Structures are given as C-alpha cells and as structure tokens.
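Architecture at a glance
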Amino acid sequence: MIDLVFAHPYPKRSRANRILLNAVRDISNLDVRSLYDIYPDFGIDVESEQAALLSAKLVVWQHPLYWYTAPGLMKHWFDKVLARGWAYGEGGSALHGKLCQWVVTTGGDQEAYSATGMHAFNFESFVPVMRQTAEFCGMKWLEPIVVHNAHRVSDKELHAVGRDYRKKLISLATEAQELVVHG
Ligand SMILES: Cc1cc2nc3c(=O)[nH]c(=O)nc-3n(C[C@H](O)[C@H](O)[C@H](O)COP(=O)(O)O)c2cc1C
C-alpha cells in the first residue's frame, strides 16, 4: 500500500532522516526500500522496484538534499525504474493516479534559501524537478515535508516532524484504502 523509497548514502550516519524514517517504518503495509542498503553497487533490480510501486497507492520519496536534488542512487533509480512504456509514454500508465509524498532534509536554513542567502534561490525553486518527475508519470503530488537546517534542528523537533509525517501517511493510507473498498 505504501512504497517508501529511501535514499541515504550512509543510513547509519544519518540523524535527521533516521529519526524521520523510524517514525514511520512500522506502519502496517509500508514497505521501506532503502536503496543504498539494497543496491550498494547501484545494480538496481528494476522488476522488483516496479512491482513494489505497482502494489502501492502511495509512493514516498525520502532523502537528504544533495546538490539541490536527490542523492545519485535515487537519480539512477528514476532513470532505470521510471521507464518509457511503463511510467510514461505510450502504454506508460503504471503510476497514474498514485499519490507521491516527497520528504526531504536540507543542510541550509530558511535564510540560506533566499535571494541574498548562500543558496541564492528560495527552496521552492528547487522543487519542480522532483514534482514534475512525479507528475510526468501521472502521479498526484502532495505538499512536501521539508526539514531545513537538518544539522542543527534538535532531536525533539525532528521527532515532532516525525509524528506529523506518521499521521499524514496513516491518514493518506486510510483514505486510499476506503477508496479501494468503497470505490
Ligand atoms: C554531497 C552532499 C551534498 C549536499 N548538498 C546540499 C544542498 O544542495 N543543499 C543543502 O541544503 N544541503 C546539502 N547537503 C546537506 C544535507 O542535505 C544534510 O547533510 C542532510 O539533509 C542531513 O540529513 P541526515 O542527518 O539524515 O544525514 C549536502 C550534503 C552532502 C554530503
């Protein structure tokens, strides 16, 4: 029901993403696919990834922001798994109507993501690449969950975001289940 694609090159060294992932990983019918654990050599099993997506109504992409986008293995996952004729193009309707939840942590704070800040642009300027990847494949883009300043934000604040993240996934999964049952 929920396919959570998680991309962190060093999952054991992560603080922010680890707390967020731990807040949701035991939700029933949620499958965590920790890409760097499953595919340390980048040899993605496209069939397994596509099967996990097909069985889900809600797809979550969770990762730290790396060079304004997803870490390399997640980008590779897009390139291999979101194939023409499957995810887009003629006959490519496998993901149509699924929900897509983006969960991202950033090193920069709000001030850094401004015209005068270190990253020179608002954070919203960096969202369209992920959003359009989902929408190009016919998925419904949900309001992203963004944690800025991930190195400095306290464990307490991360746990609070984790609780909201968990509530949101459970509520979306419940809605999706009701649609399946009642049509
Ligand atoms: C290779 C690399 C690239 C990064 N690029 C960015 C970036 O473009 N923007 C940003 O705000 N933070 C960037 N960061 C900081 C990470 O987003 C930050 O370390 C991460 O969100 C912390 O989460 P974690 O505790 O789960 O590792 C980068 C970090 C690394 C190692």
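For the structure, see preceding data.
To start, this report covers the structure provided alongside it. Remember, it's a predicted structure, so these values are computed and weren't measured experimentally. (Residues numbered from 1 in each chain as written. Predicted model: local features only at pLDDT ≥ 70, side-chain atom pairs only at ≥ 80, totals over all residues. Heavy atoms only, no water.)

Right, let's get into unusual backbone geometry. One non-glycine residue, Phe42, lies in positive phi territory at about 70 degrees. Overall, Phe42 belongs to the partly exposed group, its relative accessible area being 35%. Phi at Trp67 takes a positive value of approximately 45 degrees, unusual for a residue other than glycine. Residue placement: Trp67 occurs in the loop between β3 (58-64) and α4 (72-81). (Buried < 20%, exposed > 50% of the residue type's maximum accessible area, 1.4 Å probe, protein only. Helix = DSSP H or I, 4+ residues; strand = E, 2+ residues; numbered from the N terminus.)

Near the ligand lie 18 residues; those nearest to it are His8, Ser14, Leu65, Thr105 and Tyr113. Taking Ala16, its main chain carries an N or O atom lying 2.9 Å from an oxygen atom of the ligand. Tallied by class, residues from the shell around the ligand come to eight nonpolar, nine polar and one charged. (Near = heavy atom within 4 Å. Polar contact = N/O pair within 3.5 Å; in protein donor to acceptor, adjacent residues only side chain to side chain. Nonpolar A, V, L, I, M, F, W, Y, C, P; charged D, E, K, R; others polar.)

Residues Leu53, Trp61, Trp77, Leu82, Leu95, Trp102 and Trp141 are the most contacted members of the largest nonpolar core, which totals 33 residues. Of all the secondary structure elements, the ones that give two or more residues to this core are α2 (35-38), β3, α4, β4 (99-105) and α5 (128-136). The element that contributes the greatest number of residues to this core is α4, accounting for five residues. Trp141 has contacts with Trp61, Cys100, Trp102, Val127, Met130, Arg131, Ala134 and Glu135, leaving out every residue within four places of it along the chain. Counting residues in hydrophobic clusters, the runner-up holds 25 residues, among them Ala16, Ala23, Val60 and Ala173. (Core = buried A, V, L, I, M, F, W, Y, C linked by side-chain atoms within 4.5 Å. Contact = heavy atoms within 4.5 Å.)

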